[in-house]
Structure formats: C-alpha cells, structure tokens
Amino acid sequence: MPVRVMPGGGRWYRLNPLLMDWLKNPVMAGYTDRMLAASRWFGSRNQFPEELRYSLLAGDTEEVIRIASEGSEALLLGQDTASLLRLRKSLPAHLLERSPRLRIVYSWVHAIGGQFRQAQALIDGMSKENYQEYEARICALKAFIMRGEGQVAPALEMADRALAGGGSSPQGQLVTQMVRASALCASGRFPEAREANRAASRLAREAGDFGSEALAVYAHARIELGKGALKHAEQLLRTGLDTAVLEMARPARIGEARLQLNLVLVLWHQGRYAEADRLLVACGRHAEQARDLGLLLAMAIRVLICRSQGRLEDAFVWIGRAERIMHTWQVDESLYVPVLEALKASCWLAQNQLESVAQALVKLQPYRDAGCVPELFPMMPGLLDCLQVRLDLARGETVKARETLANTRKRYNEAIPWGVDLHMRLLDAILISEDKGVVAGQKKLISVISEAEKEHFISPFAELKRELDELMQKAYGQLPETPFRAALGQLFDITGEVLPALLAEPISEREQGVLGLIAKGLSNQAIADQLHISLHTVKTHARRINAKLEVRSRTQAIVRARELGLL
C-alpha cells in the first residue's frame, strides 16, 4: 500500500506524498513522461538520488547531465545510492565520457558503497582539463576515499587541500569538514575535530536539510565516543533521532541510520544488550535495504553481543553472513576483511583455539603495519594489538605480552581511543598481578573500574572476561556498592557483600612475595634461599605480615590472606 505508518495513539497512516500529487495531475500515457514527472517531483524536494534515478530510468540524457551538474556530494546526504548503483550497469558508456560531473557522481556512488577502487578508476579516467576544472570536488572525493580506506594523515591533507582550493559546493564543504573531523578524531586531536564538526554543523543548518544535520550530529557523537563520553554521546544521538520523528514526510536517510547504529554502539559499551538488540533489528534491516556500509558495524555488534553472552556459534554465523553480504556488494576487501578476521580471532580466543588466533593475527599484520584506522571502527588498531597481548598471555609469554603493550602505548601515544585505553589498562592489571602479586594487581584493577564506572563503560570487561576472571573474583569484595559493581557481578557471575578495606597498613611487594612462598609451605630458610635474602630478613617480613594481618601463626596468616583475596 502507498501509505506510511505515523506515530501517535492508535495506528494512523499518511498517504505517500508522491501519490497524493500524482492523483492531482492529468493522466500521463508515456513511460518517459511519468519517469520525468517523478524526477521533477523529487528534485523539487531536494532528494537528489531519486531525482537522478528517475531521469536515468526515463533515458533523457540531457536531463541526466543537467541534474548531475547540480550535485554530487549531495549523494552522501541521500537515502538511495543502492538504486543508482544498480543502474550503473545499464548506463551508456558515452554518457560518462560526455559528462565529467556524472563521472564524479558515480565515483561518489562507488565510494559510498565501499567500492573505492572503482571510484578511483573513474577519477583517474578523467581528462587533464576536466580534472583541473573540478579539482576541489575531486580532492573532497579523494579525501573521503582515503578516510574510508583508513588512511588518516593523507585524508586530512587531501581534505585541507579541497577546502583551500575553493570551488566546492556547500555540500562538498560539509562532507570535507566531516572527513576532517573523523581524521582528527582518529589522531586523538579532539579539540580540532570538534572545530571541524562545528563548521560542518553550521553548513548543515545553512543548507536547511535534516540529512545534513543528522550526519553532523553523527560526527559529533563519534568524537564523544572517542573520548569515552558515552553519556554525552547517547544524549546527542537520542536528540538527533527525536528530531527525525518530525521528518516523516520523506524516507529515512543514511545519517539517521548512522545515528541509530551509533546509539546501538553506546548501548553495547554499557552492557544494555536488550535495548541494543531491539534497535539493531530495525536499523540493520534499513541499512541492508539502503546498501549502507553501516550494516557491517551492525553485524559486528551482533557478533560482540553473542560473544559476551557465550553464544559463540551464533557469533560465527553472523560473521559468515557479514562476509557473504560484503562479497555480494563487491565491497573492497580492505574495508571488511580486517574487521571480520579480528572478530574471528576474538571468538577463537574465547574457545582457547590459540593456533587459529595466531594465524588470524598473521593475516592482520599488514593492516597493523600500515596503521590504518577504519572510519567505522576507529578502535580497531589498538584492539588488534590487545589481541596479540592476550594471545601472549594465553601462551604464558608474559615478557612478550608486556613488551607488546608498552610498544603499543608508545606507538599510538595520545591517539588511543578511551575504550582501547581501558582494554590496555586492564591487561596491565593482569600483568602487574603476574609480576608484583595479587594485591598490586587488585589495586590497578580497582582504579580502572572506578574510571570505567563514570560512563558505565563495561564492554572492555566483557571482552576480557576470560583473562580477568581470577583477578575480579578476588577484587570484587573490595568494590563499593554501586550499579556498576552489580553489573560486573552479573557479568562475572559473582555474588558477595562488600568487604572492609584490605588492611590498615598494606602489605609491601616484598612481603607479598614472602607471603606467597609461606602459602606454598616453604620454610624460612627455603624462602631466604629462593629470594636471595638473609634468614633474619625473612623472619622480619613474617613478623610484619602477621602484625598487618592481625594473626599469630603462619596457618592463620594464610587463611586471613585468602579471605582478603591476597592469595
């Protein structure tokens, strides 16, 4: 039926606006006339993709060229690049040769669809004269392609060149500023990213188009996500989606779908799986129908939710489905293969299939060496390094794990997204526990929990559940009674009351080492020999341990230490 559901009490319907106008006009007998009428109708409402689509269906070359001359970057703000991509196969070759603007249009179509090589080929096929005439627009397109491929610095340089050259349409400037915001955010330069986003928002308001504004809100939310400000990001996304309710007279656009997907991402980070699942059903379906690459993000979140809930078979099913769809859409492998390989490695790690994890990381090494930061998955580079650390830990290679973690911090410096930083600090807590004892590891873990609690950022704990389990079991009783503690208890299947503070005077690292050997049943002399200290020093440590634990014997010290999670 040519109607659309409207929100409100009961169930109301609104007649399709195009049909309403169609019924008011005289009957048109010819197919071409009908297609051109539809094209003009969409054009009057600034719906460029549909306007171009129906002119192509009409077969009116002059009209196609006219429309193409008026907009190209507007495609990114549109809702139906999928239909234009399907029409590409039937497009006469001479039409692209005749109209450089139509060539740019279809370069955008391929780029938005993740077919970066085909987009680049169309650009490379332009004559020198046409390239110079449309240089600013082509630079904006190249910046978009580079950012889609994960090239941060080159994309930023090309975007600056596009803006400096002039000649870009307002929509072209808007797209370029969003590319700049994304690249700056991936570089950890959040204040500059926010300035670029403000410029994009201003251009969106001047355009008076909600699709532009939705994309600007999406870009702002991505910056807040990079900073770890989940609550602010959620507020931005929900406000943007509430505004979308007022725009019921036209189809949903890519910007709105991205708002929904990023809200799902926030909900996943906070462990709100039921809400995320409900929203994924709708936005995943819309993304697939519109051929939006955001579908890859939707399926990746599906995998992560399944993995966190222990449903690994379902996780692999979603990975397989994503792989088939991306292949069917002819998306460049560089865009989706690293994402899916990383998801497979994470699932294999949960199954303790260490050899499969190692093979996946070898396959991912070229992407790690290239330093690519995917636009949809800005956390991926750091998480790949964390996967290597986790593999080293699973193999018992703590020295190698420590070196990998230190090198990762040194390489990314301030460009590490806050979520990845939490992963790395949790891995650091595990390594500290191995090197300096359980007490030191607990202290580090509790400090990370207190930071994550501010935004209810629980996803790193879910991802590292296997590695953190033992340390969390011992630290849980020392956590204050909060909703975040309850969520961690549910995640790690822990119940228990809050215990008093560990000790009035904490046990030192050297005393912790002595305590550990006492628990193993070693004599004072054996402890002295193993630690290369004198027997007198061992006895002094033992006395201090008993005093701090408020006990009188070795046996009591061991029991008390275990009650406090020191052993």
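Residues numbered from 1 in each chain as written. Predicted model: local features only at pLDDT ≥ 70, side-chain atom pairs only at ≥ 80, totals over all residues. Heavy atoms only, no water.

A. Representation of the packing of aromatic side chains. What the rule picks out here adds up to six aromatic pairs. Between Trp108 and Phe144, the ring centres sit 5.2 Å apart and the planes meet at 50°, which makes this aromatic pair tilted. Highlighted residues: Trp108 in helix α7 (residues 100-112) and Phe144 in helix α10 (residues 135-148), separated in sequence by 36 residues. Judged by relative accessible area, which is 0%, Trp108 ranks as buried. Here Phe144 falls in the buried class, since its relative accessible area comes to 18%. (Phe/Tyr/Trp six-rings, centres within 6.5 Å; stacked < 30°, edge-to-face > 60°. Helix = DSSP H or I, 4+ residues; strand = E, 2+ residues; numbered from the N terminus. Buried < 20%, exposed > 50% of the residue type's maximum accessible area, 1.4 Å probe, protein only.)

B. Summary view of the pattern of salt bridges. Following the criterion strictly, the structure yields 31 salt bridges and no others. Between Glu341 and Lys363 there is a salt bridge, with its nearest N and O atoms 3.4 Å apart. Placement of the pair is Glu341 in helix α20 (residues 333-350) and Lys363 in helix α21 (residues 354-370), with a sequence separation of 22 residues. Looking at Glu341, the relative accessible area reads 8%, which means it is buried. Of the charged contacts, one joins Lys444 and Asp428 as a salt bridge, the two residues approaching to 3.9 Å between their closest N and O atoms. (Salt bridge = Lys/Arg side-chain N within 4 Å of Asp/Glu carboxyl O.)

C. Expanded view of the environment of Lys443. By secondary structure assignment, the location of Lys443 is in helix α25 (residues 438-453). For the pair Lys443 and Ile432, spaced eleven residues apart in sequence, the C-alpha to C-alpha distance is 9.6 Å.

D. Representation of the confidence of the model for the chain. Scored by pLDDT, the chain has a mean of 84; 86% of the residues are at 70 or more. Mean pLDDT in the chain bottoms out at strand β1 (residues 3-6), which sits at 49, and peaks at helix α19 (residues 312-328), which reaches 95. (pLDDT = per-residue confidence, 0-100.)

E. Fine view of helix α11 (residues 152-165). Look at α11: 20 Å from first C-alpha to last across 14 residues, which is about the 20 Å you get at 1.5 Å a residue. Every buried residue belonging to α11 is among Val152, Ala155, Leu156, Met158, Ala159 and Ala162, and all of these are buried. Buried residues of α11, seen end-on, are gathered within an arc of 165° and therefore sit on one face of the element. Facing away from the buried side of α11 by over 90 degrees, the exposed positions are Ala153, Glu157, Ala164 and Gly165. One or two residues past the end of α11 sits Gly166, with phi positive at roughly 70°. (Expected span 1.5 Å × (residues − 1). Arc of directions from axis to C-beta.)

F. Layout of the nonpolar core. With 134 residues, the main nonpolar core has Leu445, Phe461 and Leu488 as its most contacted residues. With residues up to four places along the chain from it excluded, the contact list for Phe461 reads Leu426, Leu445, Val448, Ile449, Ala452, Leu468, Met472, Phe484, Leu488, Leu491 and Phe492. The next biggest cluster of nonpolar side chains, apart from the first, holds 17 residues, and it includes Ile507, Ile527, Ala528 and Ala557. (Core = buried A, V, L, I, M, F, W, Y, C linked by side-chain atoms within 4.5 Å. Contact = heavy atoms within 4.5 Å.)

G. Geometry of helix α8 (residues 116-124). Buried within α8 are the following residues: Phe116, Ala119, Leu122 and Ile123. Taken down its axis, α8 places every buried residue within 125° of arc, on the same side. Facing away from the buried side of α8 by more than 90 degrees, the exposed set consists of Arg117 and Asp124. Summarising the contacts, the buried residues of α8 are in contact with α6 (93-98), α7, α9 (128-133), α10 and α20.

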